[in-house]
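Architecture and fold: a report
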Amino acid sequence: MSLASDNNNFLQFPSPAKLNLFLHVVGRRSDGYHELQTLFQFLDYGDTLNIRVTKGPDITLLTPIKGVAAEDNLIVKAARLLQQQARQQGHTDLPGAEIKINKILPMGGGLGGGSSNAATVLVALNALWQLNLDTEKLATLGLSLGADVPIFVHGFAAYAEGVGEELTPRNPKEYWYLVSKPQCSISTVSVFTSPDLPRDTDQRLALNDDIDACRNDCQTMVIKHYPEVAKLLSWLLEYAPSQMTGTGACIFSRFDSKAEACRIQAQLPDGIESFVAKGINQSPLLPVIEALSAC
Ligand SMILES: C[C@](O)(CO)[C@H](O)COP(=O)(O)OP(=O)(O)OC[C@H]1O[C@@H](n2ccc(N)nc2=O)[C@H](O)[C@@H]1O
Ligand SMILES: Nc1ncnc2c1ncn2[C@@H]1O[C@H](COP(=O)(O)OP(=O)(O)OP(=O)(O)O)[C@@H](O)[C@H]1O
């Protein structure tokens, strides 16, 4: 595969979405974080980051994201964290980076957009700055930015335990999905702090081979508090198996063909944001990094 670049020496890196094909909450740690069992798969749909290495050490995000201050942006935080790590390892005269993002993933949708952006920055700058940190180290760094970062760093579909960082590769079937966003945004913290969230799912449930017997433990509680999610989910269930991803609000509906997914998309109620994408077991970021390393 060849590397895509524009005329100004920015290289292009994909930052895909993830789905939680199931999500079980099996416990709560003393620090408040929840122990999960989840099956992650990527989508062939996501944001694109354009990155150019600069001589000085500054990290500049040239395309701010509305509502997110630069210092809070996971893109900038990931780049600075990597610089800090490199300095600790004795690298001096570190270069910097200019970064542009083409953001198409809805924020706060359960698709892991911010975590994916952070992972793409860690993996891409590790290669561009020739730091040679291994994947495990990048995933550990990423975990301090968000529980979903490690899966994007590793780049393979996986069954996850812990807070989502203990990964075992899996190959779930690569269906087509219609992903629809109810007209509301749900904060991950509000779901995980809700007294209504079940936190004691039997750990054995995730270990059988029947994905369809699994579920999203956040869904019942979200439906109760967000009528927009309840309404859209019941509409979608008339057409296809459908479930929430992450802590919502997005719902994914499963189809055997792109044509069928597009046919239902065309009938969605007015005002519902949506896209059709294929579930994929390898992140599109991996071949780009391989091509870069081969240069
Ligand atoms: C729901 C999932 O998307 C499933 O993949 C993730 O667990 C959430 O991952 P994330 O968005 O990267 O979440 P983080 O930014 O790490 O955490 C946001 C907040 O969610 C809560 N949180 C998150 C993950 C987890 N296993 N238990 C939690 O209780 C914590 O209150 C935390 O402060
Ligand atoms: N680069 C970024 N892209 C998106 N959100 C970001 C970014 N940097 C910081 N954020 C913050 O993170 C919040 C969550 O964004 P994100 O799109 O990752 O949510 P999500 O899809 O629900 O994630 P998850 O499934 O991991 O819970 C946003 O509301 C925003 O305030």
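Calculation criteria
Residues numbered from 1 in each chain as written. Chains lettered and ligands numbered in written order. Predicted model: local features only at pLDDT ≥ 70, side-chain atom pairs only at ≥ 80, totals over all residues. Heavy atoms only, no water. Domains from an automatic or database assignment. Contact = heavy atoms within 4.5 Å. Buried area = accessible area lost by both parts, 1.4 Å probe. Salt bridge = Lys/Arg side-chain N within 4 Å of Asp/Glu carboxyl O. Buried < 20%, exposed > 50% of the residue type's maximum accessible area, 1.4 Å probe, protein only. UniProt positions renumbered as here; feature names shortened; annotations may be inferred. Helix = DSSP H or I, 4+ residues; strand = E, 2+ residues; numbered from the N terminus.

Segmenting the protein into domains produces domain 1 (11-170 + 281-294) and domain 2 (176-280). If you look at the interface, domain 1 gives 30 residues, while domain 2 gives 36 residues. Here domain 1 meets domain 2 over a buried area of about 2700 Å², counting both sides, of which 61% is carbon and sulfur. Of all residues in domain 1, the largest losses of buried area upon contact with domain 2 belong to L23, H24 and V25, amounting jointly to 20% of the total for that side.

Now for the pattern of salt bridges. Where side chains of opposite charge bring their charged atoms close, a pairing between them can arise. This structure, assessed with the given rule, holds 10 salt bridges. The residue R204 makes a salt bridge to D202 at a minimum N-O spacing of 2.6 Å. R204 sits in the exposed class, given a relative accessible area of 62%. Note on D202: relative accessible area 37%, which makes it partly exposed.

As annotated in UniProt, the feature "domain: GHMP kinase C-terminal" (unreviewed entry) corresponds to residues 216-269 in the numbering used here. Secondary structure content for residues 216-269 is 48% helix and 15% strand, and the end C-alpha separation is 24 Å.

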